[in-house]
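# Structural overview for review
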Amino acid sequence: MGRSRRTLPEELLLLALDPTTGTTAQPQSLDLGLAGAQLVELALAGRIAPDGDRIAVVMPRPTGDPTLDSALELLRRRGSPVRAVHWIGGPRLGLRQIYLAHLERCGMVHAVAGQMCGVLPTTRYQATDTAISRDIRARLDSAIRTGVPPDPRTAALAALAHAVGLGKHLYPGNEGRSSRSRLRDLIRHDPMGGLVAHAVMDVQNGAAVQPRRAPGTPGGNNRQSAGVAMPQRRSGMARVAAH
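Once a new chain begins, its residue numbering starts again from 1 and follows that chain's sequence as written. It should be noted that, the model being predicted, local features are given only for residues of pLDDT at least 70 and side-chain atom pairs only at 80 or more, the latter also being counted only at that level, while totals for whole chains, interfaces and linings use all residues. As a rule here, side-chain values come from all non-hydrogen atoms in the structure, and water together with hydrogens is ignored.

Quick note on the threshold: UniProt positions are given in the numbering used here, feature names are shortened, and annotations may be inferred rather than shown by experiment.
In the annotation of an unreviewed UniProt entry, the protein is listed under the name GPP34 family phosphoprotein and assigned to Streptomyces qinzhouensis. Checking UniProt for the protein, the heading Subcellular location (unreviewed entry) contains the comment "Golgi apparatus membrane".

## With respect to the environment of T67
Using the following cut-off: Secondary structure follows DSSP: runs of H or I at least 4 residues long count as helices, runs of E at least 2 residues long count as strands, and numbering of each begins at the N terminus. Any two residues whose heavy atoms approach within 4.5 Å at even a single point are treated as in contact.
Tracing the chain through its elements places T67 in helix α3 (residues 66–78). Every residue in contact with T67, bar those within four places of it in the chain, is listed here: Q38, I98 and Y99.

## Concerning the pairing of strand β1 (residues 48–51)
Going by this rule: For every residue, the accessible area obtained with a 1.4 Å probe (protein chains only) is divided by the maximum for its type, and the residue is called buried under 20%, exposed over 50%, and partly exposed between those limits. Strand pairing requires that DSSP identify at least two bridges connecting the strands.
Judged by which residues are buried, β1 turns out to be covered on both faces: I48 and P50 on one side and A49 and D51 on the other are all buried. Alignment of β1 against strand β2 (residues 54–57), held across 4 bridges, turns out to be antiparallel. Looking across to β2, one finds that A49 is bridged to A56. The antiparallel pairing of β1 with β2 creates a hairpin that spans 2 residues between the two strands, and G52 there sits at a positive phi of about 65°.

## A few points about the pattern of salt bridges
So the rule is basically this: A pairing counts as a salt bridge when a side-chain nitrogen of Lys or Arg comes within 4 Å of a carboxyl oxygen of Asp or Glu.
For the structure shown, the criterion picks out 9 salt bridges. When the shortest N-O distance is used, the salt bridge between R6 and D135 registers 3.1 Å. On the criterion of sequence distance, the pair formed by R6 in the segment before α1 (8–16) and D135 in helix α6 (residues 130–146) is long-range, its members being 129 residues apart. For D135, a relative accessible area of 37% translates into the label partly exposed.

## Let's talk about the packing of α1 against helix α5 (residues 95–105)
The cut-off we apply is this: Lines fitted to the C-alpha atoms define the axes, with helices restricted to the stretch that makes contact. Angles between their N-to-C directions range from 0 to 180 degrees. For classification purposes, angles smaller than 35 degrees are called roughly parallel, those larger than 145 roughly antiparallel, those between 65 and 115 roughly perpendicular, and all remaining angles oblique.
With their axes 10 Å apart at the nearest point, α1 and α5 run at an angle of 95° to one another. Overall, the two elements α1 and α5 adopt an arrangement that is roughly perpendicular. Here P9, E10, L13 and L14 of α1 come into contact with α5, specifically with R96, Y99, L100, H102 and L103.

## Quick look at the packing of α1 against helix α7 (residues 152–163)
We apply this condition: Each crossing gets its handedness from the near helix: less than a right angle anticlockwise from the far helix is left-handed, clockwise is right-handed. Charged means Asp, Glu, Lys or Arg here, nonpolar means Ala, Val, Leu, Ile, Met, Phe, Trp, Tyr, Cys or Pro, and polar covers whatever is left, Gly included.
Remark: α1 packs on α7, axes separated minimally by 10 Å, with the N-to-C direction vectors making an angle of 50°. With respect to α7, the element α1 is oriented oblique. As for how α1 packs across α7, the hand of that crossing is right-handed. For the pair α1 and α7, contact is made by L8, E11, L12 and L15 and by R153, A156, L157, L160 and A161, respectively. Taken together, the residues of the contact of α1 with α7 break down into 7 nonpolar, no polar and 2 charged.

## Some points on the environment of R145
Residue position: R145 is located in helix α6. On the accessibility criterion, R145 (62% relative accessible area) is exposed. Once the C-alpha coordinates of R145 and S179 are considered, the two residues, 34 residues apart in sequence, prove to be 8.0 Å apart.

## Remarks on the packing of aromatic side chains
Basically, it comes down to this: Here is the rule: rings of Phe, Tyr and Trp (six-membered ring for Trp) pair when centre to centre is within 6.5 Å. Planes less than 30 degrees apart are stacked, more than 60 are edge-to-face, and the remainder are tilted. By the criterion adopted, a ring carries a charge over it if an Arg CZ or a Lys NZ lies within 6 Å of its centre and within 35 degrees of its normal.
The full count for this structure, using the stated rule, is 0 aromatic pairs. Note that R137 overlies the ring of Y171, its terminal NZ or CZ placed 4.7 Å from the centroid.

## Considerations on the sheet that holds β2
Hydrogen bonding along the main chain pairs the strands of a sheet, whether they run parallel or antiparallel. With antiparallel pairing, 3 strands are arranged side by side in an open sheet as β1-β2-β3. Both edges of this open sheet fall to β1 and β3 (82–83), since each of them pairs with a single strand only. Strand contacts of α3: β1, β2 and β3, with the helix running at about 95° to β2, the strand carrying the most contacts.

## A look at unusual backbone geometry
Despite not being glycine, Q26 shows a phi value in the positive range, around 50°. Tracing the backbone through its elements, the reader meets Q26 in the loop between α1 and α2 (27–44).

## Notes on α5
The cut-off we apply is this: Taken from the helix axis, the directions to the C-beta atoms give the arc we talk about.
The set of residues buried in α5 consists of L95, R96, Y99, L100, H102 and L103. Burial along α5 is one-sided: seen end-on, the buried residues are contained in an arc of 160°. One or two steps after α5, the chain reaches G107, where phi turns positive at roughly 85°.

This is the structure:
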């Protein structure tokens, strides 16, 4: 691969990839999750930072990853911080196919051509190295099992996995209920991951056009009462008018 560390979009996609069927779980919401994962990865790289419920570019220098740099350039062109929910819900769907092609070029998956009902052409993707997927899953399992606060990357991955609905895919049935609950609770351990995960869920719930109200205010979405910590506002950054 030529890289020692996988990006969060790559990890989220590999986590969603079913090793048996070669299909991805939650394909509709996964595109939103991948857009959110790009934001978290750019934040971890020091290129962007949260400004309340907005995203601000703080260092426009490219990362060297073409797909991430494309997103960074689009953010830079906006000229002012953009609401995370507007960015994730914007017209950039299709990221799943972009990243599947990227993983294929990197040698992490290979495409398997097939047909549906003997007529419609289909493409499945099989992981070429299942140890990579096992490692990603093991990090989540460890965070859920031990209760020890995970590193920011794992916390963000957990938040995104919950946001796109991978909980039932990773921890199915009644026996997985407690693990799904703990997966959801990991959202509190990374402010950027929490901001993005809530934005992903807001887009899915059709709330992208409404500014998020503070928890506890009339008409607000009081997620803190459900045990999920909201990201804190950064005090040193200017607020701008809503787009």
